[in-house]
Amino acid sequence: MKRAVFPGSFDPITLGHVDIINRAIPLFDEIVIAIGVNAKKNYMFSLEERKRFIENAFFAEDKISVETYKGLTVDYCKEINADFILRGLRNPADFEFEKAIAQTNRKLSGIETVFLLTSAETSFISSSIVRDIVRNNGDASSLIPDSVKI
């Protein structure tokens, strides 16, 4: 079974995340969308809200599960017997950052990272942009799935 972990804070999940997940579904037998818990971060949405947003976005997809985890992503992957880490790339800066993490993860655990490029229609979207729009009472509805209730 090919199991992939798609880690992130998903604060909130965006259409960019949804695009990567939907295009990865044919590649894996199972995708665990793993919400990392970091006590040092100040999130806009609670862990429960973020998990519900994702579960509602993918309620009809049998290959998708949504979990939370603490600690290193590679440790979580080992814990659930995941073979791959799934990551999306929006731009060259993302690649440079993600490449170093992927190489470190492979060195530490042997777990491979699979990169998918975001589609042109979603490559500009980030959770931080969505949060900024929301904080300033703007309309972010074209950047997030309908499951995200703001």
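Residues numbered from 1 in each chain as written. Predicted model: local features only at pLDDT ≥ 70, side-chain atom pairs only at ≥ 80, totals over all residues. Heavy atoms only, no water.

**Some words on the side chain of D11**
With respect to the helices and strands, D11 occurs in the loop between β1 (3-8) and α1 (15-24). At 2.9 Å, the side chain of D11 and the backbone nitrogen of F45 are in polar contact. (Helix = DSSP H or I, 4+ residues; strand = E, 2+ residues; numbered from the N terminus. Polar contact = N/O pair within 3.5 Å; in protein donor to acceptor, adjacent residues only side chain to side chain.)

**A word on the UniProt feature "domain: Cytidyltransferase-like" (unreviewed entry) in the protein**
As annotated in UniProt, the feature "domain: Cytidyltransferase-like" (unreviewed entry) corresponds to residues 5-132 in the numbering used here. From the first C-alpha to the last, residues 5-132 spans 27 Å; its make-up is 41% helix and 23% strand. (UniProt positions renumbered as here; feature names shortened; annotations may be inferred.)

**Some remarks on helix α2 (residues 47-57)**
Buried within α2 we find R50, F53 and I54. Angular distribution of buried residues about the axis of α2 spans 90°; they occupy a single face of the element. Against the buried residues of α2 lie β2 (30-36) and β3 (64-69). (Buried < 20%, exposed > 50% of the residue type's maximum accessible area, 1.4 Å probe, protein only. Arc of directions from axis to C-beta. Contact = heavy atoms within 4.5 Å.)

**Overview of the packing of aromatic side chains**
Summed over all chains, the structure comprises five aromatic pairs. Ring geometry for F28 against F84: centres 5.5 Å apart, planes inclined by 55°, an arrangement best described as tilted. Note that F28 is positioned in the loop between α1 and β2 and F84 in strand β4 (residues 84-89), a separation of 56 residues in sequence. Relative accessible area serves as the criterion here: at 5%, F28 is assigned to the buried category. Exposure remark for F84: the relative accessible area of 22% places this residue in the partly exposed category. Judged by centre distance (6.4 Å) and plane angle (65°), the ring pair of F95 and F115 falls under edge-to-face. On the criterion of sequence distance, the pair formed by F95 in helix α4 (residues 92-109) and F115 in strand β5 (residues 112-117) is long-range, its members being 20 residues apart. (Phe/Tyr/Trp six-rings, centres within 6.5 Å; stacked < 30°, edge-to-face > 60°.)

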